[in-house]
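These are the residues of each chain, in order.
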Amino acid sequence: MKNIAVIGAGTMGNGIAHVFAQNGFKVNLIDISESSLEKGIATINKNLDRMVAKEVISEADKINTLANITTFTQLEEGVKNMDLVVEAATENIDLKLKIFKQLDAVTDAKTILATNTSSISITQIAAVTSRPEKVIGMHFMNPVPIMKLVEIIRGYSTSNDVTKLIMDLSLKLGKTPTEVNDYPGFVANRILMPMINEAIETLYNGVAGVEEIDTVMKLGMAHPMGPLQLADFIGLDVCLSILNVMYDGFKNPKYAPCPLLVNMVTAKKLGVKSGEGFYDYSTSRKAEKVAQSFIK
């Protein structure tokens, strides 16, 4: 496998493109927005500069990595003659099903179709294609160039050959692939999101403040980042979406999103990407607590 297409130039998409390109793969980075592509390439360039400054890679490595990436705004053109397509669009089931229907229609029959979904059923996504045996989950962790784990999720029909191929491919990227089965949230988010949700409930119920909750988890549990800060980093809308997928999938009230999380997403306080979440990331009030204003 030499030719890789990545759909979506956002946080996950540009990170996935970066990692493939840095490891010698030819990458087509696809997004409907030219400005998103420009922003994605700028992010890759910035991250490569950090790696050069830390002497992790050379300036020549950076140049070669960028040369391995070509951008496209047209899906059909970008996925032509690809060995693997990795979808990294927004965590929205309707959007993903639409993309996979399109991919099935315009890619070669040999092309493997992967999704970077963090919670949505691989089996459901595969069912809209004529090649469910070639559909698989590749759930990279954020930030992709740094985090080692890739959850490899088999759908109901994913073949052994495709699973082995994607496991081996992940090793070539310097990652640690871990095979899991197709249930809502998989492993990472099935454990992580209830913890984040419980931290939000703890805040909502007035047990402690934002910084106090994060401090307890960082110093008491040796977490590198507190759960509320991590939620801001992931995106509160993404957290809500994942919790809703698990709640709908398991019909278990323990996965029901905290009302505070729902209110904050409704108010578009999404965390780092919106400039404000449980902390304020604006220039004037960086890292001040803001979530209390949503608590009655």
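Under an unreviewed UniProt entry, the chain has the name 3-hydroxybutyryl-CoA dehydrogenase and belongs to Cellulophaga algicola. UniProt's Sequence similarities (unreviewed entry) comment on the chain is quoted here verbatim: "Belongs to the 3-hydroxyacyl-CoA dehydrogenase family."

Let us now look at the packing of helix α11 (residues 236-250) against helix α12 (residues 259-266). Put simply, α11 and α12 touch, their axes get as near as 9 Å, and they point 130 degrees apart. It follows that α11 is oblique to α12 by the angle criterion. Handedness of the α11/α12 crossing: left-handed. In this structure, α11 contributes Leu236, Asp237, Cys239, Leu240 and Leu243 to the contact, and α12 contributes Leu261, Val262, Met264 and Val265. Of the residues belonging to the contact of α11 with α12, the class tally is eight nonpolar, no polar and one charged.

Per the UniProt annotation, the sites labelled "domain: 3-hydroxyacyl-CoA dehydrogenase NAD binding" (unreviewed entry) are residues 3-182. Along residues 3-182 one finds 43% helix and 22% strand; the C-alpha atoms at either end are 27 Å apart.

Attention now goes to unusual backbone geometry. Here the bond from asparagine 142 into proline 143 is cis, since omega is 0 degrees, no more than 30 degrees from zero. Tracing the backbone shows proline 143 in the loop between β6 (135-140) and β7 (149-154). One non-glycine residue, lysine 251, lies in the positive phi region at around 55 degrees. Checked against the element boundaries, lysine 251 lands in the loop between α11 and α12. The exposure class assigned to lysine 251 is exposed, which follows from its relative accessible area of 65%.

A few words now on the domain arrangement of the chain. Domain boundaries in the chain define domain 1 (3-181) and domain 2 (189-290). Using only C-alpha atoms to locate each centre, domain 1 and domain 2 end up separated by 27 Å. Tallying the contact residues gives seven residues for domain 1 and five residues for domain 2. Interface area for domain 1 against domain 2, summed over the two sides, is near 490 Å², with a carbon-plus-sulfur share of 55%. Among the residues of domain 1 in contact with domain 2, Glu91, Ser118 and Ser119 are the three that bury the most area, contributing 63% of the side total. Put simply, domain 1 and domain 2 have zero salt bridges between them. Along the contact surface separating domain 1 from domain 2 lie two residue pairs in polar contact (both at pLDDT 80 or more). Residues that form the side of domain 1 that touches domain 2 fall into these classes: two nonpolar, four polar and one charged.

The next point concerns the side chain of aspartate 182. With respect to the secondary-structure elements, aspartate 182 resides in the loop between β8 (176-181) and α8 (188-204). Buried aspartate 182, no salt bridge; nearest opposite-charge side chain is arginine 154, N-O distance 10 Å. In this structure the side chain of aspartate 182 is engaged in a polar contact, spanning 3.1 Å, whose partner is the backbone nitrogen of isoleucine 122. At 2.7 Å, the side chain of aspartate 182 forms a polar contact with the side chain of threonine 123.

Let's shift gears to the state of the cysteines. Scanning the entire structure with this criterion turns up zero disulfides. Free of any disulfide, cysteine 258 has its nearest cysteine sulfur in cysteine 239, 12 Å distant. Here cysteine 258 falls in the buried class, since its relative accessible area comes to 0%.

Right, let's get into the UniProt feature "binding site: NAD(+)" (unreviewed entry) in the chain. UniProt's entry tags Gly8, Ala9, Gly10, Thr11, Met12, Gly13, Asp31, Glu91, Lys96, Ser118, Asn142 and Lys273 with the feature "binding site: NAD(+)" (unreviewed entry), counted in the numbering of this structure. Look past the residues within four positions of methionine 12 in its chain and what remains in contact with it is Ala88, Asn116, Phe140, Met141, Asn142 and Val144. With respect to the helices and strands, the residue lysine 96 is situated in helix α5 (residues 93-106). Once you skip the residues sitting within four places of it in the chain, lysine 96 turns out to touch Glu87, Ala89, Thr90, Glu91, Thr115, Thr117, Ile120 and Ile125.

What follows is about the sheet that holds β6. Pairing within the open sheet is mixed, and its eight strands lie in the order β3-β2-β1-β4-β5-β6-β7-β8. Each end of this open sheet is capped by a strand with a single partner; those strands are β3 (69-72) and β8. Going from strand to strand, the sheet's axes swing by 25 degrees on average, the running direction of each strand aside. Pairing analysis gives four bridges linking strand β2 (residues 26-30) to β3, with the strands arranged parallel. Counted as the bridge partner of asparagine 28 is threonine 70 from β3. Packed onto the sheet, helix α2 (residues 34-53) meets β2 and β3 and runs at close to 160 degrees relative to β3.

Cut-offs applied
- Residues numbered from 1 in each chain as written.
- Predicted model: local features only at pLDDT ≥ 70, side-chain atom pairs only at ≥ 80, totals over all residues.
- Heavy atoms only, no water.
- UniProt positions renumbered as here; feature names shortened; annotations may be inferred.
- Axes fitted to C-alpha atoms, helices over the stretch in contact; angles between N-to-C directions.
- Helix = DSSP H or I, 4+ residues; strand = E, 2+ residues; numbered from the N terminus.
- Parallel < 35°, antiparallel > 145°, perpendicular 65-115°, else oblique.
- Left-handed = near helix turned anticlockwise from the far one by under 90°.
- Contact = heavy atoms within 4.5 Å.
- Nonpolar A, V, L, I, M, F, W, Y, C, P; charged D, E, K, R; others polar.
- Buried < 20%, exposed > 50% of the residue type's maximum accessible area, 1.4 Å probe, protein only.
- Domains from an automatic or database assignment.
- Buried area = accessible area lost by both parts, 1.4 Å probe.
- Salt bridge = Lys/Arg side-chain N within 4 Å of Asp/Glu carboxyl O.
- Polar contact = N/O pair within 3.5 Å; in protein donor to acceptor, adjacent residues only side chain to side chain.
- Lys, Arg positive; Asp, Glu negative; His and termini not counted.
- Disulfide = S-S within 2.5 Å.
- Pairing = 2+ DSSP bridges.

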